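Next come the chains, spelled out residue by residue.
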Amino acid sequence: AAEFLIGVMARLVGVLRHQPRPQSPRAGRRSHHPCGDRLPAPGRADRELPRNGALLDEFARVSGRELAKLGVMKGATNYFPSSRLASVERRLKKKISYRYAGDNARNVCEGFAALGGFCGYSGAVGGDTAGAEFEANLEECGIANFLQEKRGSTGKIIALLTKDGERTFLADLGVSADCSEHEGV
C-alpha cells in the first residue's frame, strides 16, 4: 500500500509540476531554483531518495520602495552570498512574519508523513541554528532524517511579498549545494 501511495504522489506532483502557470510580465527573466527538487521515478520510490536543497524559508511583506532599496530584481530569485543575505535578514527582522523549513521535496515528505506514510529526507545543513531548526522540523513532521552536516551555513530563502502580489526571492543556498547524493545515505 505504501509503494502504491508513493507512486500516486510522485505522479500527482509530476502532473502538477507540468500544469501551465500564469505568466507575469517578468516571466522570461525569472531564474530557476537549482536545488534538487527531483522526485523518484514511479515504482522506484522505495529505492531512491532525492537529493534536496535543505533551506529555511522566511516570509516578509515589504513596500515597493523597500524592495527598490535592496537593489534586487522584482519577481525573480536573487542569489546572494550568505553575508549579504544575513545583512538583509537583520534589516527586515521585524517584518519577517513566518519562518519554516522549506524545499519542495521536504514539503511532499511532510504531506506524505501526515497521511501515515514513511518517508526520508536527504540534504545538507550547516552546523548553525537554521540547520538545527530544519532538523527539528523533520522530527516534528515524522520524516526520517538523512541530513548531512557540513561546514558552513544552512541555506535560506527570504520571500518578499509586495502589495501587488508579486513575490521576490532572496536566496543563499548555503551548504545545500555541497550535498553528495551518495554520502550519508
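Structure: see above.
Summary of the structure given here. Note that the structure is predicted; figures quoted are calculated from it, not measured.

Moving on to the overall build of the protein chain. Scanning the protein chain from terminus to terminus reveals 5 helices and 7 strands. Sequence separation of at least 24 residues holds for 73% of the intrachain contacts in the protein chain that already meet a minimum separation of 6. Total accessible area on the protein chain stands at roughly 10,900 Å², and carbon and sulfur atoms take up 53% of it.

Inspection of every chain in the model, using the stated rule, returns 3 aromatic pairs. Taking 5.8 Å as the distance between ring centres and 40 degrees as the angle between the ring planes, the aromatic pair formed by Phe59 and Tyr98 counts as tilted. Linking Phe59 in strand β1 (residues 55-61) with Tyr98 in strand β3 (residues 96-102), this pair joins segments that are 39 residues apart in sequence. Phe59 gets classed as partly exposed once you look at its relative accessible area, which sits at 32%. Members of the aromatic cluster, each reached through a chain of ring pairs, are Phe59, Tyr98 and Tyr100. Cation over ring: Arg84 sits above Phe80, and NZ or CZ is 4.1 Å from the ring centre.

What follows is about the sheet that holds β3. Sheet strands pair by backbone hydrogen bonding; their relative direction is either parallel or antiparallel. Overall, mixed pairing links the 5 strands, which are arranged β2-β7-β6-β1-β3 in an open sheet. Lying at the two open borders of the sheet, with one neighbouring strand each, are β2 (77-79) and β3. Ignoring which end each strand starts from, the neighbouring axes of this sheet average 20 degrees apart. One ladder, built from 6 bridges, connects β1 with β3; its direction is antiparallel. Within β3, the residue paired with Leu56 across the bridge is Ala101. On the sheet, helix α5 (residues 129-141) packs against β1, β3 and β6 (154-161) and is oriented at approximately 70 degrees with respect to β3.

Cut-offs used in this document
Residues numbered from 1 in each chain as written. Predicted model: local features only at pLDDT ≥ 70, side-chain atom pairs only at ≥ 80, totals over all residues. Heavy atoms only, no water. Helix = DSSP H or I, 4+ residues; strand = E, 2+ residues; numbered from the N terminus. Contact = heavy atoms within 4.5 Å. Areas by Shrake-Rupley, 256 points an atom, 1.4 Å probe, with all protein chains shown as cover. Phe/Tyr/Trp six-rings, centres within 6.5 Å; stacked < 30°, edge-to-face > 60°. Buried < 20%, exposed > 50% of the residue type's maximum accessible area, 1.4 Å probe, protein only. Lys NZ or Arg CZ within 6 Å of the ring centre and 35° of its normal. Pairing = 2+ DSSP bridges. Axes fitted to C-alpha atoms, helices over the stretch in contact; angles between N-to-C directions.

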